[in-house]
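Per-entry structural report
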Amino acid sequence: MRRIPRAGSDNVGQGLPVPVLAQAGGHRLHRLVRVKAIGLNPLEARLRAGEFPLVGQPPFILGWDISGVVEEAPQTGRFRPRDEVFGMPLFPRAASAYAEVVSAPAVHLARKPASLSHVEASALPIVGLTAWQGLVDLGGVSEGDRVLVHGGGGGVGHVAIQIAKALGAHVITTVSESKRKFVEGFGADGVIKYTAVDFTEAVRDIDVVLDTIGGDTVEQSLEVLRPGGHLVTAVAEEDSELIAKYEAAGTRFSGIAVDPDPVALRGLVELVEQGRLRVHVQGTFPFERVADAHRLLDGGHLQGKLVLTV
């Protein structure tokens, strides 16, 4: 396991030896998973830096996205030893997934699609569930809707483009010039280069905006929504004044509080198996190079996801 001994940007990857089965717990509703790959997320860099105490004060072990093989399981219930599974267990509670072995509630896991490697499967849960819950559960996207995805080249963004397309939407996204071909490869119908074009002048009558950027983008997006339209943000802080402004304009504002919803996870699996969803991994790092991976994570502007291999 990799434990963060204290908060701060200089603590990347400092590890203390911990017994590998420390998380087993023996709970009859949990499955002990031998981890093969761990998906990294920007949230983990922020937690490591001490920006907010989601998992308490250090020392703590980061991580949620895993893919691996069931090592121990009861004789009844879902999953058996040697089953290949993936998921985002326990979020937002600590799952301590930067580890060789993780104990996870069976309901928070799904069978890994055969078409995905462990690396690809570990990259999917948080970004996939965030996009699904934003577009399906909150946004209610349906056939013919116009959807704007801010930050389509990132982890959540490139998955959201594909989910929206699978729902039958017309999808427009904002990206940097370097990511234009990347998002077009995932089916984006329209691409706005945010460094060259003001998106508020480029689009109108949007049914659902999915925001992965935050900042001024959230308030500016009000200008492009149709009456009754809906902004769903994965990053913005709750702002009662902004919510009131959206409501006064006859639109809606929602924040995503992602959770390990098994129904949504199965929905992602179905899209993968139908060939309508794939996840892009920008780079992989062996487990012992978690520090290098976090330095790249700190830099931002990633194309897709980073993954640790175990």
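Notes on the structure follow. (Residues numbered from 1 in each chain as written. Predicted model: local features only at pLDDT ≥ 70, side-chain atom pairs only at ≥ 80, totals over all residues. Heavy atoms only, no water.)

A separate point is the side chain of H150. Of note, H150 is situated in strand β8 (residues 146-150). On the accessibility criterion, H150 (1% relative accessible area) is buried. Looking at H150, its side chain comes within polar contact range of the side chain of S221, at 3.0 Å. Aside from chain neighbours lying at most four places away, what touches H150 is T174, F199, V209, L210, D211, T212, I213, T217 and S221. (Helix = DSSP H or I, 4+ residues; strand = E, 2+ residues; numbered from the N terminus. Buried < 20%, exposed > 50% of the residue type's maximum accessible area, 1.4 Å probe, protein only. Polar contact = N/O pair within 3.5 Å; in protein donor to acceptor, adjacent residues only side chain to side chain. Contact = heavy atoms within 4.5 Å.)

The subject of this paragraph is the sheet that holds strand β13 (residues 252-255). Strand order in the open sheet formed by 6 strands is β10-β9-β8-β11-β12-β13, and the pairing between neighbours is parallel. One side of each edge strand has no neighbouring strand; the edge strands of this open sheet are β10 (190-193) and β13. The average angle at which neighbouring strand axes cross in this sheet is 15°, direction not considered. The sheet contact formed by strand β12 (residues 225-233) and β13 spans 4 bridges and is parallel. Bridging from a neighbouring strand, T233 pairs with G255 of β13. In the packing of helix α8 (residues 240-248) onto the sheet, contacts are made with β12 and β13, and the angle to β13 comes to roughly 145°. (Pairing = 2+ DSSP bridges. Axes fitted to C-alpha atoms, helices over the stretch in contact; angles between N-to-C directions.)

This part covers the environment of G153. Within the secondary structure, G153 sits in the loop between β8 and α4 (155-166). Sequence spacing of G153 and P53 is 100 residues, and the spatial spacing of their C-alpha atoms is 28 Å. Those residues in contact with G153 that sit more than four places away from it in its chain are V175, K179, F182, V183, L302, Q303 and G304.

Right, let's talk about the pattern of salt bridges for a bit. In this structure the tally under the stated criterion is 13 salt bridges. Here K112 makes a salt bridge to E84, at a shortest N to O gap of 3.6 Å. Of the two residues, K112 sits in the loop between β7 (109-111) and α2 (118-122) while E84 sits in strand β5 (residues 84-87), which places them 28 residues apart along the sequence. A relative accessible area of 36% places E84 in the partly exposed class. One salt-bridge network, in which partners are shared between bridges, spans R289, D292 and R295. (Salt bridge = Lys/Arg side-chain N within 4 Å of Asp/Glu carboxyl O.)

This part covers the environment of A106. When you line up the elements, A106 lands in the loop between β6 (101-105) and β7. When its relative accessible area of 5% is taken as the criterion, A106 is described as buried. Considering only alpha carbons, one finds A106 and R28, 78 residues apart in sequence, at a separation of 9.3 Å. Here A106 is in contact with L29, H30, R31, R78 and F79, once residues within four sequence places are set aside.

Moving on to α8. Between a side-chain oxygen at the N-terminus of α8 and the backbone nitrogen of E241 the separation is 3.0 Å; the capping residue is D239. Directly after α8, the chain includes G250, whose backbone phi takes a positive value near 80°.

Attention now goes to the side chain of T233. Tracing the chain through its elements places T233 in strand β12. On the accessibility criterion, T233 (1% relative accessible area) is buried. In terms of polar contacts, T233 uses its side chain to reach the side chain of D211, at 2.7 Å. A polar contact is formed between the side chain of T233 and the backbone nitrogen of V235, at a distance of 3.2 Å. Here T233 is in contact with D211, V218, F253, S254, G255 and I256, once residues within four sequence places are set aside.

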